[in-house]
Each structure stands twice: as C-alpha cells, then as structure tokens.
Amino acid sequence: MSVFLSLLLATAALAQEVPLDEGLLAPAEGIDDAGPADMLSFDTVLVATVQPETEELLPEADRITGLLIDALSETNEVYTIEDVPDFDTRGYTGRRYMLACPAGDYAGCALVCGQRAESDWALGGTLIQLAGADVDADGEPLPPRLQLTITFVDVRDNREVLSFAVDFDGDDDEQVIDGIGAMFDRILAGGFEEIDVRGDLDDPLIQAQLDRARQELIAQGLAELEESLGVVERTVVEGALEQPRVTREDLEEYEQRDDVPPWVQVGLSQQQYLRYSNSGLELRSWRIRNMGRQAQLVLRGLGGFGRGPYGHRFEGRVARDNSTLEPAHIEQVQEAVQAGQTTGFLEAGIGLLSWLEIGGHWGLRGSRFLVCMDEETVDQVNVTGNPSEAPVSSTELGGYVMLAPGPHWVARPTAYVGYAAWRGKTFQPAKCVEGDDKCEGDTSPLRALDAPTQGLLMVAPGVEFSPDKILNLVSRVMVEVPIGGSPVSRYSEGSGLLTPIDPAMSGDCFTEGTPAPVNDRSIGWSLQVGVELRLGPLFGRPKAQQGIRTDFGEDEL
C-alpha cells in the first residue's frame, strides 16, 4: 500500500509543475456523466491468454481470460486468441505462443499477437501463486493466494501503457474484472483527449498537459481500484516496447534438440529464418518480400540534370560570286557537342531474381542548339554573322541490367549498366534550297543535314529506399560514355573561296578556316532522382504453406 501511495503522490507532485487546461479532463460531448467506464469505444482489443505460472493454475487462468472477454465485450470489439493467425513456421497457435512466452516478455508477446490479429490494443496478464501457509490454525486447507498482473498494450504505438498487479482469491471476481474494464476505459479516454488536441501536439505545454491528463486518469482509476480491492501494485506506465527477437543463440539452441529445426520445416536457411522471425510478417507475406523484385513488373520514372554530349552545333558558310551573286562555295557541318542537360527517363523492367532486373528505357534530354551562319561575297569586305541559340530536345531508346542486393533492406544500393541509341535533331536553314523550281517561300543555299546519332554506354551507381512495398524512391549518378554512331554530318560544294575568319571573331561559333567539327564529345554525367512502382509478383507467388516439409525420414525425426 505504501509503495502505491508513494507512486501516486509522486505523480501528483509532478503534475503540479504544469498548469492544466481543465478542458483536457472534461468528458467529451455525448459521453455519460457516469465517467469513462460507460464509454462505448470503437477501438478493437485482443484479450490475450492469461499466462499461468504453473500448469496447475491453467484452469484458473483460462477462467479469468473468459471473464475478461465477457466484460470487455460490452463496450469494445473484442478479439480472442483464436483470432490470431497460427505461427505456421513453428507449428503452433497464438494460445500456445502466449503460454510459452518467456518470463518478463509478456507485453512483447502480447504486442506480437495484437499485430497479427490487427487489433488496436492488447490486454492480458500473468497469474502467479503467492507464498504463504497452506492450512489455517485448525489445520484446514486454505485457498491458494493468487496474484494477477494485468498488462495494457497500445499495439498501434508499440508501447506498454500500464501494468498493475492485484490479489485474485476468487471471492471478488466481479469487482476485479469490473475494475480492470474501468481502467481500460480510462486509458481509452486519455486516447480520446489526445485526438482532441492533436493539432497542437508540437506545443510543449500542450504535450505536458496531455501527459498529465493521462497520468491523472490512470491515477484516479488505480486509486478507485485500490479502494475497492485493497493493495494495487503498479509496475509500468508508458513504456516503449520491442518485439521479442529471435537471436543466433536461439538457432544454435534449436540445433541441439532432437526435433527438426523450424527453418528446415519451412524450407528456409538459418539466415532467412532469422530475418523472417524478426520481421513480424506472416510466412507467405515474408516469402513475397524476400522474393525482392523476382517476377515483379518494375516501372520507374526519373528526372535530373547534368552535362554531356547532347548539345547541337550547326555551322554553315556561303561564298557568293561578286558578279552573279550565285553561290560559289558552300560549307556546312552539324555535330553533337558537350553542353548542359536536363534528363527525363521512363523505364520498365522485369525481375529475374530477387536482386536482378532487366528492362528497357526511353529517355528525353534537353540541351542547347548553337547555330552559326555566314554569307560573304568574293573579293568584298564581309561582316561575320551573329550566332543564335535555342533549346533542343533529343530522345533515346535502350536496355539495361540492374543489380539491387538486399531485397529485405529498407535502403539498398543499386548498380545499373545499360546501352542506348541516342538521336539528336537537325537544323533546317530555310524552307527551300535555292535552285529548286518547285519550292515556294524562304530559300537558302544551305541545306538540312542528317541528325547526329550516338551509342551510349551507361553506368550508374545508386540507391533505393522502400518506405512502401509498392512505391520506392530512387536516386543515382549516371555516367554516359559515347561510343559509335554518327555524331557529325558535313556538306561541301564549290571552289574553296571562303575567307578565313578572324579568331577574335570566331568565338564558340565559327572555326577559323573552313567549317569543321570541334569534336567536343567527352563523357557525360547526370544526377537523377525519381519514383519506382513494383507490381507483383506476376507469377510464382508463394502459397500459404509453400515450402513446409512433411516428408521427414526417421533419421530426421
């Protein structure tokens, strides 16, 4: 009793440090004034099996479990341990899992079952027999002194909200069970208050008020429970939970037994079984995740920027006869050159293995088109024409192979190798070429040249992040090496009467003598980010019991 009062006084003293908004403790509209115990909740609660200390206490533990189910069903949607899917790899039910839960891990085991049943809350407890005399002064046998420790687990937030212990001698069953139900309703009332102020939870004062409100609700409930039942020992309030995890030591212990190890029963390696056991997933769901991208359709969209040999340069010069003004010499060159770029990629692939994908891509690259045109008259002083520049887009088609090890990791490295056929655009100097009698409109002695083309070897290290099993985030650095293709087109006609251009006037546009390619086509690069959709698996989807062996020989059993 003194321990409980000390805890209660400490809670009250702590609460006095923060002024409390009385609205936080006011009952919500529509709730009966009788208090939280009369509240109808839409939260689902799993009543887990009460775990007895000894096998002799099992009937009493089952009886208490039934009483809890009956009481909570009046105001909540209740799941029982039979609603928990079986642990197929270990070959036992949720009830057996709870009964076998290691000492001290009850809250974590209840969390696991609550997650498997997809409930909002889990409630259960442990039952022990207290030491004491077995007979009274007259030698008559005394009923066993039992202590029930009740645990409330918030499954959604992975936390143990409250655990407390009460004596359970069978004389005041109704009071104990009603008190436990009232405590659960008070905890839910604290949750409703949290919803009421959720828009201000970033405010430290509001958060402190909320914490105090929750503590007061719990303290009031425990005080009322102690007043009616006697000593109530509180053990945990608001503790974060971690699920019980399988360790390598556990696997080594399995190997020392005579029975078949669980990973053999389900056709997994030890490492796979370790990952599966600690994933919190059903076996079938885990098998699908462990397939990675195998048999999946992968759709990916990326955008980025960088620099590469995707700019265009056109240089055209015409020398006209000084008497007839007819073209006497024409020189043209068009080529792909190094320039800044923006990129857009669409990719579609299929997973061959959990870590291997092949596919194709369509790419769009934006860059600049530099146009340099000049006309001169033979034996006359000429002024070099002004260059012009405009945006240009080009496209490519290609295929790739991508490696993505670690299919079960949330973030994984990737390695991309591909090849693409790139095609640029051609510059049209005018609608028509001079001398074409059928042509109407603007004419020019210059003509359109073939668009530049290149083969691209692409290598890209990157990373994938998987916040969702379908939608992933991706980023990579693409290195692009031009190989092959026809990046340069030329045309020449006439007697070579072009006047060399002053280097000071040529700049980036004109070459000093006859128009010629500048051959500026070094390695390109781009930084790309985007999203990835993974659909499937399209085939080979694991069945619920796939991989579980039943054909064990006598030497294995």
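See the structure above.
Novice: Would you mind going over the overall build of the chain with me for this structure?
Specialist: Looking only at helices and strands, one finds 11 helices and 18 strands in the chain. Taken as a whole, the chain presents about 28100 Å² of accessible surface, with 53% of it coming from carbon and sulfur.

Novice: When you look at the pattern of salt bridges in this model, what are you seeing that I'm missing?
Specialist: A side chain with one charge can pair with a side chain of the opposite charge if their charged atoms come near. Counted under the stated rule, the structure contains 21 salt bridges. Linking Glu389 and Arg368 is a salt bridge whose minimum nitrogen-to-oxygen distance equals 3.1 Å. Taken together, the residues span a long stretch of sequence, with Glu389 in strand E11 (residues 388-403) and Arg368 in strand E10 (residues 356-377) at a distance of 21 residues. Arg368 gets classed as partly exposed once you look at its relative accessible area, which sits at 30%. Here the salt bridges share partners, and the residues they tie into one network are Arg293, Arg300, Glu347, Glu357, Arg412, Glu464, Arg476 and Glu532.

Novice: What am I meant to see in the state of the cysteines here?
Specialist: Working definition of a disulfide: a covalent bond connecting the sulfur atoms of two cysteines. Considering all chains together, one arrives at 1 disulfide under this definition. Here Cys101 pairs with Cys109 through a disulfide, and the sulfurs are 2.1 Å apart. Taking the torsion about the sulfur-sulfur bond, which here is approximately 85°, the covalent link between Cys101 and Cys109 counts as right-handed. For Cys109, a relative accessible area of 2% translates into the label buried. Of the cysteine sulfurs around Cys113, a residue in no disulfide, the closest is that of Cys109, at 7.3 Å.

Novice: For this particular structure, what's the right way to read the packing of helix H7 (residues 248-255) against helix H9 (residues 270-277)?
Specialist: Two quantities define a packed helix pair, namely the angle between the helix axes and the distance between the axes. Between H7 and H9, the least distance of the axes is 11 Å, while the angle of their chain directions is 125°. In terms of orientation, H7 and H9 fall into the oblique class. Considering the relative orientation of H7 and H9, their crossing is right-handed. Here Arg248, Leu251, Tyr254 and Glu255 of H7 lie close against H9, whose contacting residues are Gln270, Gln271, Tyr273 and Leu274. Of the residues belonging to the contact of H7 with H9, the class tally is 4 nonpolar, 2 polar and 2 charged.

The rules behind the values
Residues numbered from 1 in each chain as written. Predicted model: local features only at pLDDT ≥ 70, side-chain atom pairs only at ≥ 80, totals over all residues. Heavy atoms only, no water. Helix = DSSP H or I, 4+ residues; strand = E, 2+ residues; numbered from the N terminus. Areas by Shrake-Rupley, 256 points an atom, 1.4 Å probe, with all protein chains shown as cover. Salt bridge = Lys/Arg side-chain N within 4 Å of Asp/Glu carboxyl O. Buried < 20%, exposed > 50% of the residue type's maximum accessible area, 1.4 Å probe, protein only. Disulfide = S-S within 2.5 Å. Axes fitted to C-alpha atoms, helices over the stretch in contact; angles between N-to-C directions. Parallel < 35°, antiparallel > 145°, perpendicular 65-115°, else oblique. Left-handed = near helix turned anticlockwise from the far one by under 90°. Contact = heavy atoms within 4.5 Å. Nonpolar A, V, L, I, M, F, W, Y, C, P; charged D, E, K, R; others polar.

Everything listed here is a matter of geometry and, on its own, says nothing about what the molecule does.
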